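Working through the structure, step by step
One-letter residues, chain by chain:
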Amino acid sequence: MTQYAYFRGRVVPIDEANISVRTQAIHYGTSCFGALRGYWNEDQEQLYVFRPHDHYRRFLDSAKLLMMTLPFHPDDLVEVTRILLQKEGWREDVYIRPLAYKSGEVIPCQLHDVEDEFALFSLPYGSYLNKDKGARLMISSWCRLGDNTIPPRGKIGGAYASSALAKSDALLKGFDEALLLDGEGHVAEGSAENVFILRQGIAVTPSVSSSILEGITRRTVIELLTRALGIPVQERAVDRTEIYLADEAFLCGTGAQIVPVTSVDSYDIGSGTAGAITMKLRDLYSDVVRGAVTEYTSWCLPIYA
Ligand SMILES: Cc1ncc(COP(=O)(O)O)c(C=O)c1O
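Residues numbered from 1 in each chain as written. Predicted model: local features only at pLDDT ≥ 70, side-chain atom pairs only at ≥ 80, totals over all residues. Heavy atoms only, no water.

The end-to-end C-alpha distance of helix α7 (residues 276–289) is 20 Å, a good match for the 20 Å that 14 residues give at a rise of 1.5 Å each. Along α7, the positions that sit buried rather than exposed are Thr-278, Leu-281, Leu-284, Tyr-285, Val-288 and Val-289. The arc that holds every buried residue of α7, seen down its axis, measures 130°, which confines them to one face. Exposed and facing more than 90 degrees away from the buried side of α7 are Ala-276 and Lys-280. Downstream of α7 by a residue or two, Gly-291 has a phi angle that is positive, lying close to 75°. (Helix = DSSP H or I, 4+ residues; strand = E, 2+ residues; numbered from the N terminus. Expected span 1.5 Å × (residues − 1). Buried < 20%, exposed > 50% of the residue type's maximum accessible area, 1.4 Å probe, protein only. Arc of directions from axis to C-beta.)

Below is the structure:
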């Protein structure tokens, strides 16, 4: 199946979407990206993109932090996504990657007076962590970047060198994922996921000023926990030992979806197996993203007519 990209204002075969080695973004990490998913609903023969407007609003915020002047409104980016996916005609789950980067071929490390470009591509995609039964986490010795270093609120390319340091360190030590603390020692997030704990019937997640990405899945989970499952959610600073003592914990993100956490460092979470509320939430989430829950179909954009 031919794959395409939206590149320099046109849909082109993916092999034609190439950039120069002199591109500033490759050298200095001056890019930002998004990560969306398209879910194939076999019964309806439909591909649903989950919360595309919310993803593109955040994408354009990231671009703004990098002083990019992209000539797009979220609606334009949703339309480009629809055009690309219709051309590709996927009948399976896909990952969608919008990318904006400083395309100027220049040496100075600065944001202003450097041209920007936008590109978009998609590819078939399954699970990111592949840990359905639960992930074993370690608290990383790498700290999450702060708002005054590379703001985690933006999905900025250069910041992912930090995620990669933490992730490789965790994997090479035999864990499944890293959990990073913020500069003040509070829990921030995973290398590419937000985190929630459940303790005594209350869900708790680090607040948006705890050096986290303002995750779309995090926002979805807050809604599903409070409205659909009747579980109160607190957004606040979270201590590391609160995770050790949690009854349940899970990671969430577009790539990871909902992944139960079964241990952190040497501590089992709850009984050391996936928690009951986490599993209920995971099942609900998986129905919601495929457009199978009437109340939430407005989050799912159908791609095919
Ligand atoms: C660092 C980080 N945190 C959290 C998330 C989850 O964000 P979302 O739910 O919008 O995918 C991601 C996703 O890519 C991420 O990279």
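Still to come is the rest of the account.
The buried count for strand β4 (residues 36–41) comes to six of six residues, which makes it a mostly enclosed element. The pairing of β4 with strand β6 (residues 94–102) spans three bridges and is antiparallel. Residue Gly-38 lies in a different strand from β6, and its bridge partner there is Val-94. As paired elements, β4 and strand β5 (residues 46–50) share four bridges and run antiparallel to each other. Bridging across to β5, Tyr-39 finds its partner in Tyr-48. With antiparallel pairing between neighbouring strands as the criterion, β4 and β5 make up a hairpin whose turn holds four residues, including Glu-45 at a positive phi of roughly 50°. (Pairing = 2+ DSSP bridges.)

What follows covers the domain arrangement of the protein chain. The domain boundaries assigned to the protein chain delineate domain 1 (4–124) and domain 2 (135–289). Relative placement of domain 1 and domain 2: their C-alpha centres are 25 Å apart. Contact with domain 1, which involves 18 residues of that partner, is made by 20 residues of domain 2. Carbon and sulfur atoms make up 62% of the area that domain 1 and domain 2 hide from each other, which totals about 1,700 Å². When the area that domain 1 buries against domain 2 is broken down by residue, the three leading residues are Phe-33, Phe-50 and Arg-58, summing to 36%. The partner of Asp-54 in a salt bridge is Arg-219, with the nearest N and O atoms 3.6 Å apart. Applying the counting rule to domain 1 against domain 2 returns nine residue pairs in polar contact (both at pLDDT 80 or more). When residues of the side of domain 1 that touches domain 2 are traced back to their parent elements, those giving at least two are β3 (31–33), β4, β5 and α2 (52–65). Considering each element in turn, the side of domain 1 that touches domain 2 owes the most residues, five residues, to α2. Residue composition of the side of domain 1 that touches domain 2, grouped by class: nine nonpolar, five polar and four charged. (Domains from an automatic or database assignment. Contact = heavy atoms within 4.5 Å. Buried area = accessible area lost by both parts, 1.4 Å probe. Salt bridge = Lys/Arg side-chain N within 4 Å of Asp/Glu carboxyl O. Polar contact = N/O pair within 3.5 Å; in protein donor to acceptor, adjacent residues only side chain to side chain. Nonpolar A, V, L, I, M, F, W, Y, C, P; charged D, E, K, R; others polar.)

Right, let's talk about the site of the ligand for a bit. Surrounding the ligand, one finds 16 residues, the nearest of these being Arg-58, Lys-155, Tyr-160, Thr-217 and Thr-254. Contacts to the ligand include Ile-216, whose backbone N or O atom sits 2.8 Å from an oxygen atom. Within the side chain of Thr-217, one N or O atom sits 2.5 Å away from an oxygen atom of the ligand. In isolation the ligand has 390 Å² of accessible area, and contact with the protein removes 96% of it. Mapped by element, the contributors of at least two residues to the shell around the ligand are α2 and α5 (216–228). (Near = heavy atom within 4 Å. Areas by Shrake-Rupley, 256 points an atom, 1.4 Å probe, with all protein chains shown as cover.)

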